[in-house]
Amino acid sequence: MSSVTSSSIAPKRRRGRYFRGLSPFSYCVLLFIAFLSFFPFYWMFVVASNGQDVIAKVPPAIVPGHNFMTEFHAVLDVVPFGRTMFNTLAIALVIAFAQVFLSALAGFAFAKLRFPGQKFLVVFVVGTMMLPSQLGLVPLFMLMNKLNWINDFKALIVPAIVTAFGVFWMRQVVDAQIPNELLEAARIDGAGIMRIFRSIVVPVILPSAFVLGLFSFLATWNDYLWPLLILNSPDHYTVQVALTQLNTQAYGVDYNIVMAGSFMATAPLVLLFVFVGRRLVAGVMDGAVKG
Amino acid sequence: MTSLTAGGTAPKSHRRKPNRVQFKSDHPGGKVKYNKAESRWAYLFISPFYLVFLIFGLAPILFSVVVAFFNWNPMDNSHPYVGMQNFHDLVADPIFWLSVRNTFSIWFFATIPQMFMAMGIASILRSPKLRGRVFWQSMLLLPNITSAIAIAVVFGQMFGRDFGIINILLSHIGRGPIDWIEGSVTSHIAIASMITWRWVGYNSLIFLAAMNAISRDLYESADLDGANKFQQFRFVTLPQLKNTITFMVIVGTIGGLQVFAEPATLGGNYDGGDSQQFSTLTLYLFKQVAVNGTYGYAAAIGIGITVLVVIISGINFFITRRIAGDGSK
């Protein structure tokens, strides 16, 4: 209590102190966190590029060695890594494009068009989103069996081409970025709905659509449980399935190979992140305010 | 306006006004008159989503209830009706209950410390004087883009008993070595640290966005009232973050029940360790499908998980109502 009264004597000095400049300590904390964020990537490469004998000793090597190419070839002996990279890239791109396009259409409809049953259709989806995804796993797998889609990329792509997340994301985006006056004006000028979508909606929402595409691409690249269940021949593996196989087969034997595989699976994403990290940060934070 | 929102493509939902001009539907007198052509287009636009959703989303969920009453086996085509047998087995299955305990233990170690860390990081990041904002934010989000499997591989190596860097660091302060993977609680901590590493930065950004949305006036008046930094956090920031915290607990619970890649990678199989010390619910379900081929039992596990989700949601709802009833907003 006494501190409260004493500090109120000089309110001017106190004004805005909550947002005063950062102490060196805060920067140290941030630097430490940035180090922790990056360290596992670095460590992947250290282990992957040093021989087994250098890793399995105390103290271990903490700088990269010269062995990476050896481990790289060892990985290729176990799984066809180039092939799996191509598979994953192709699947992720198809899903990202389909998801952006179909979500934009549905999002536009929900945000700007009016039709009977609109409210019910939204509530219906939100309601089922609350249920855990494991619930449908077994019947979905049985369905894929029936469709003869086991070990077929269709089983990964078709269920993912448009998701509730994408539709809601796009609904928010269209709602926020397209003024109704603009649509009204276009309609008075005689533009049809398809024309309005193509010439007005699409150009405006393109940046946000790109972020959704990125999220979708990353999610597909990193997906593991469902591909693990569906894919069973090495030439059909995605990167994560190949990594799991590598880990299972070399488990307890050779960490260097597994780490080399992990590094190869992760490096493209880190590279991508260098270019799009900013947009992803903005996307995450926008999503947070919406939710 | 900070550089952050300027660079973003922020959908601002508050721009929406209650009396906005309705596109393609002038409805004087309150009753909505639908335009036939417009409705047709709308249904066409949403139909791909509902088609996919009904076939691959809703139908499997509904059918799982049917599957759980049969003994489906991929080997033969017979699938005898067994009534409640799968559920009786589930309730009597010690590994199922062990997996429930493990899942909650991992969830606890992954969610609670992470929440405080994320809040602390966000408090640092929100300072307008911060330099290199985009760099720090990007470094925070970087772990989130990597695959859980690659990370589990690295962390598994770092938590190794003999040559793991964590035990080597511990030995410098005269502790250890700890057999992280073999122990029950220690393996949970190892898995929780992987989850925390992946998500703490992401959640910091969520908190940061929520903190940026708090009006500065509240702090100014708290300042004039002589509240110190801690009091300002406790009585201004924290109440304003209530919705974000609730949201994060819900998302964290859903994610926590899906923990799979980390224990699968750590063990190299779907057992969850030599004594199932880190078997999780999803790992156990997956093992029934992929290894044992007992689909009916796997479906029963899925229903068991759903029952748990409903119970947790109920408790969560109750607690949130209690807190809300305390008078803050």
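Residues numbered from 1 in each chain as written. Chains lettered and ligands numbered in written order. Predicted model: local features only at pLDDT ≥ 70, side-chain atom pairs only at ≥ 80, totals over all residues.

**Things to note about the overall build of chain A**
Assigned secondary structure in chain A consists of 15 helices and 0 strands. Counting all 291 residues of chain A, 43% fall into the buried class. (Helix = DSSP H or I, 4+ residues; strand = E, 2+ residues; numbered from the N terminus. Buried ≥ 20, exposed ≤ 12 C-beta atoms within 10 Å, placed from the backbone.)

**Some details on the overall build of chain B**
Counting secondary structure elements, chain B contains 14 helices and 0 strands. Starting at the N terminus and walking to the C terminus, you meet the elements of chain B as α-α-α-α-α-α-α-α-α-α-α-α-α-α. Looking at the 329 residues of chain B, the share that counts as buried comes to 40%. A separation of at least 24 residues holds for 65% of the contacts in chain B among residues at least 6 apart in sequence. (Contact = placed C-beta atoms within 7 Å.)

**Brief notes about the environment of Ile-195 of chain B**
All names here are of chain B. Within the secondary structure, Ile-195 sits in helix H8 (residues 184-212). Residue class for Ile-195 comes out buried when judged on the 24 C-beta atoms lying within 10 Å of it. Residues Ile-195 and Tyr-270, spaced 75 residues apart in sequence, show a C-alpha to C-alpha distance of 19 Å.

**What to know about the domain arrangement of chain B**
Here the domain parsing of chain B yields domain 1 (32-57) and domain 2 (68-325). A separation of 36 Å is found between the C-alpha centroids of domain 1 of chain B and domain 2 of chain B. (Domains from an automatic or database assignment.)

**Quick notes on the confidence of the model for chain A**
Residues and elements named next belong to chain A. Of the residues in chain A, 87% reach a pLDDT of 70 or more, and the chain-wide mean stands at 83. Highest mean pLDDT in chain A belongs to helix H9 (residues 154-157) (94); lowest belongs to helix H1 (residues 2-7) (41). A low-confidence stretch, residues 1-16 (pLDDT under 50), is modelled with 9 contacts involving residues beyond four sequence positions or located in other chains. (pLDDT = per-residue confidence, 0-100.)

**Some points on the nonpolar core**
Counting residues in each nonpolar core, the largest one holds 155 residues, and the members touching the most others are Ala-106, Phe-108, Ala-109 and Met-259 of chain A together with Ala-152, Ile-191 and Leu-205 of chain B. Ranked by residue count, the leading element in this core is helix H6 (residues 81-112) of chain A, at 15 residues. Built from parts of two domains, this core gets at least three residues from each of domain 1 (32-57) and domain 2 (68-325) of chain B. Non-local contacts of Ala-106 of chain A, meaning those with residues more than four positions away in its chain, are made with Val-162, Val-167 and Met-170 of chain A together with Phe-45, Ile-46 and Phe-49 of chain B. (Core = buried A, V, L, I, M, F, W, Y, C linked by C-beta atoms within 7 Å.)

**Some remarks on unusual backbone geometry**
Excluding glycine, most residues fall at negative phi; most peptide bonds, likewise, are trans. All names here are of chain A. Positive phi outside glycine occurs at Asn-148, with the angle close to 65 degrees. Following the sequence through the fold, Asn-148 ends up in the loop between helix H8 (137-147) and H9. The exposure class assigned to Asn-148 is exposed, which follows from the 10 C-beta atoms found within 10 Å. You will see that Asn-151, though not glycine, has its phi angle at about 65 degrees, which is positive.

**A short note on the interface of chain A and chain B**
If you look at the interface, chain A gives 103 residues, while chain B gives 103 residues. Considering each element in turn, the side of chain A that touches chain B owes the most residues, 19 residues, to helix H15 (residues 255-290) of chain A.

**What about the packing of helix H14 (residues 239-249) of chain A against helix H6 (residues 148-158) of chain B?**
Packing of H14 of chain A against H6 of chain B brings their axes to within 9 Å, and their N-to-C directions diverge by 25 degrees. Comparing their axes, H6 of chain B and H14 of chain A come out roughly parallel. Counted together, Gln-240, Leu-243, Thr-244 and Asn-247 of chain A of H14 of chain A and Ile-149, Ala-150 and Val-153 of chain B of H6 of chain B form the full contact between these two elements. Residue classes in the contact of H14 of chain A with H6 of chain B are distributed as 4 nonpolar, 3 polar and no charged. (Axes fitted to C-alpha atoms, helices over the stretch in contact; angles between N-to-C directions. Parallel < 35°, antiparallel > 145°, perpendicular 65-115°, else oblique. Nonpolar A, V, L, I, M, F, W, Y, C, P; charged D, E, K, R; others polar.)

**As for the confidence of the model for chain B**
A low pLDDT means the predicted coordinates there should not be read in detail. Residues and elements named next belong to chain B. In the predicted model, chain B carries a mean pLDDT of 82, and the fraction of residues at 70 or more is 86%. Contacts for the low-pLDDT stretch residues 24-30, under 50 throughout, to residues beyond four places or in other chains number 13 contacts. Note on the complex model: pTM 0.85, ipTM 0.84.

**Considerations on the packing of H6 of chain A against helix H2 (residues 36-67) of chain B**
Between H6 of chain A and H2 of chain B, the least distance of the axes is 8 Å, while the angle of their chain directions is 135 degrees. Comparing the axis directions of H6 of chain A and H2 of chain B gives the class oblique. Helix-helix and strand crossings are classified by hand; for H6 of chain A and H2 of chain B the assignment is left-handed. Taking contact as the criterion, the partners of Leu-102, Leu-105, Ala-106, Phe-108 and Ala-109 of chain A in H6 of chain A are, on H2 of chain B, Ala-42, Phe-45, Ile-46, Pro-48 and Phe-49 of chain B. Class assignment for the residues of the contact of H6 of chain A with H2 of chain B results in 10 nonpolar, no polar and no charged. (Left-handed = near helix turned anticlockwise from the far one by under 90°.)

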